[in-house]
Amino acid sequence: MPAPNAAASLPDIAHYTHVPNRHWGRWLAVAIIILLIAGLARAFAVGQIEWDFVGRFFTAPAIMTGLYNTLWMTLGAMALGITLGVITAVMRMSPNPVLQGVAMGYTWLFRGTPVILQLLLWFNLALIFPRLGFGEFSVRTVDVMTPALAALLGLGINQGAYTSEVIRAGMLSVDTGQYEAAKAIGMTRLRALRRIIFPQAMRVVIPPLGNEFIGMVKLTSLASVIQFAEILHAAQNIYYANSRVIELLIVAAIWYLIIVSILTPLQMLLERRFARGAGGAR
Amino acid sequence: MSQSSTMPPATMPLVAIVDVRKKFGDFEALAGVSLDVRAGEVLCIIGASGSGKTTLLRCVNQLVTIDSGAIWVDGELTGWRIDGTKLHALPEKEVARQRLSTGMVFQRFNLFPHMTALENIIEGPVQVQKRNRAEAVREAEALLARVGLADKAGSYPANLSGGQQQRVAIARALAMKPKLMLFDEPTSALDPELVGEVLAAMKELAASGMTMIVVTHELGFAREVADRVVYMDRGAIVEQGPAAEVLGNPQEPRLRAFLSAVLS
Ligand SMILES: Nc1ncnc2c1ncn2[C@@H]1O[C@H](COP(=O)(O)OP(=O)(O)OP(=O)(O)O)[C@@H](O)[C@H]1O
Ligand SMILES: [Mg+2]
């Protein structure tokens, strides 16, 4: 005998339609936000901004050169920063106290002073060392220390001090058992770092490093003070001539936003690449 | 090398531990341990927590550097080069080379989580021993089959059970073709129902003639597989002998207390 079905005595609701929750609060919030944005847009549209100037200068040759300079300076300074950061982190984690000391001194020195001051120091290096090199193989410092080189060294070396801490945090996040397992199959310290530790540290390192990368895009604008022709410097040069200050600052702002918008999905791709084996396939 | 660091193999056990001492700060973890292990022998080390079992094992493959004494593995003095009456510390590369004769299996498996089971196993042969990759893959597949995991080659450690991970770890150590295998409580991090599969893999290995030093609390395994059982207490070997004698007819009061505590 099948057990009597309780449903037989309940009302039949099988054909009723489901009505989801209305979330009135959300709709209200959206309405308020749209109103605020519309108001802001109107303010800018009727404000003292000549938008056709923004359009006209958006791809001006000087701005394009500035864009190019900003991009390569970001890549170059980050490449230098990451290289120095990895070397410094490895030195800091080494059993050798001399290497540890050098690494700590470097981090201390470059984290302890403002970047803009470091940029000015590199750019004015000629005041300390009029010539670089030895005897007949020397050159005038002013000929070598161009704004571009000073910016690359200033931003890259400063970045290295910060990146080293990010990398070190990544290395510390890997279980010590991993070092031991690597040693047990005959790996030297450096091979273990390269094959076992760094690939695992990457997962922890990429989000803050993405942050630093985005920070560097904007940090390059500081190099305008040593006459490096990046976007902001280009925009300033144009508005010194035509006085369209706000329009050109908006041009620069839009370009920074575009660069950063492209970097964000790249970071997500990298993160996925290094999440291998992290229990994601479960 | 001006004078040989090796001894004639005939007179030499595979592992010779001679009066080894190790202090961590003021605490004496090893207080003069001497122990020989012949090739093909299976030795189980038992003892209470903190008695120095792990430390002794880690000294053998130089994860811990000893304060005094000597450890010879496969006829070579570990960690030092003999030059006249002087001992020179070996450079890191030489220490890494010496470790190749020893495989180690850890309590917590320590598989490389970013590599599949197969990649874990071929990592040492390909990257360290520079063996041909295709050949290493073939051998790794055979090793996986040997530990009963032929179908798990492509799995990441996170997707394997503890027992499966530990068997991959055994295969990874074996892939280096070591002469000696060290096991540090290989089943104590496992759920009870997974212990058997790992012990079975170890029994098969023992039967194949591998020299093994096994730190374990599995007295059943020791009784069945060990040629010799060593009981340690407070950094020293207190009693040793054939498994049946040490476990069946203990002499030392401390060992008796330990055994009755473990068995109850
Ligand atoms: N790296 C270290 N630094 C300081 N003390 C240590 C270190 N390694 C081990 N010790 C100490 O040495 C003693 C022996 O440790 P060991 O790990 O060898 O014991 P064990 O016999 O393996 O114990 P267990 O059964 O708990 O694993 C312990 O008291 C431990 O605290
Ligand atoms: Mg232990």
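Our subject in this report is the structure included herewith. Per chain, residue numbering runs from 1 following the sequence as it is written. As a convention, the first chain written is A and the first ligand written is 1, with the rest following in written order. Side-chain atom pairs in this predicted model are given and counted only at pLDDT of 80 or more, local residue features only at pLDDT of at least 70, and totals for whole chains, interfaces and linings cover all residues. Side-chain numbers come from the whole structure's heavy atoms, not from hydrogens or water.

### Some words on the overall build of chain B
Phase 1: Per the convention used, a helix needs a DSSP run of H or I reaching at least four residues, while a strand needs a run of E reaching at least two, with both numbered from the N terminus. For chain B, the count of helices and strands is nine helices and twelve strands.
Phase 2: For the C-alpha atoms alone, the extent of chain B along its principal axes is close to 55 × 45 × 35 Å.
Phase 3: Looking at chain B as a whole, 56% of its 264 residues are labelled buried.
Phase 4: Sequence separation of 24 or more characterises 65% of the internal contacts of chain B that already satisfy a separation of 6 or more. Note on exposure labels: buried denotes an accessible area under 20% of the residue type's maximum, exposed denotes more than 50%, and partly exposed covers the range between, all computed with a 1.4 Å probe on protein chains only. Whether two residues are in contact is decided by their heavy atoms: any pair within 4.5 Å suffices.

### Brief notes about the nonpolar core
Phase 1: Among the nonpolar cores identified, the biggest contains 54 residues, and B:Ile46, B:Ile170, B:Met181, B:Phe183, B:Met202, B:Met212 and B:Val229 are the most heavily contacted of them.
Phase 2: The element best represented in this core is helix 6 (residues 192–207) of chain B, accounting for eight residues.
Phase 3: Not counting chain neighbours up to four residues away, the residues in contact with B:Met202 comprise B:Ile170, B:Phe183, B:Pro186, B:Met212, B:Val214 and B:Phe221.
Phase 4: Note on terminology: a nonpolar core comprises buried Ala, Val, Leu, Ile, Met, Phe, Trp, Tyr and Cys residues joined through side-chain atoms within 4.5 Å. Of all hydrophobic cores here, the second largest spans 51 residues; its members include A:Val166, A:Leu193, A:Ile196 and B:Val15.

### A word on the interface of chain A and chain B
Phase 1: Taken together, the contact pairs 23 residues of chain A with 27 residues of chain B.
Phase 2: Put simply, buried area is the surface a 1.4 Å probe can reach on two separate parts but cannot reach once they are joined, added for both. For the pair chain A and chain B, the summed buried area comes to about 2,300 Å², and 55% of that belongs to carbon and sulfur atoms.
Phase 3: The rule for a salt bridge is simple: a side-chain nitrogen of Lys or Arg has to be within 4 Å of a carboxyl oxygen of Asp or Glu. Where chain A packs against chain B, one counts two salt bridges.
Phase 4: For A:Arg195, the salt bridge identified is with B:Glu123, shortest N-O distance 2.6 Å.
Phase 5: Here a polar contact means two N or O atoms within 3.5 Å. Within protein one must be a hydrogen donor candidate and the other an acceptor candidate, and residues neighboring in sequence count only if both atoms are side-chain atoms. Taken together, the connections running from chain A to chain B amount to seven residue pairs in polar contact (both at pLDDT 80 or more).
Phase 6: Listing elements by their share of the side of chain A that touches chain B, those giving two or more residues are helix 8 (176–184) and helix 9 (189–219) of chain A.
Phase 7: The greatest single-element share of the side of chain A that touches chain B, amounting to seven residues, is contributed by helix 8 of chain A.
Phase 8: Side-chain classes follow a simple rule in which Ala, Val, Leu, Ile, Met, Phe, Trp, Tyr, Cys and Pro form the nonpolar group, Asp, Glu, Lys and Arg form the charged group, and the remainder, Gly included, forms the polar group. Of the residues in the side of chain A that touches chain B, the class split is eight nonpolar, seven polar and eight charged.

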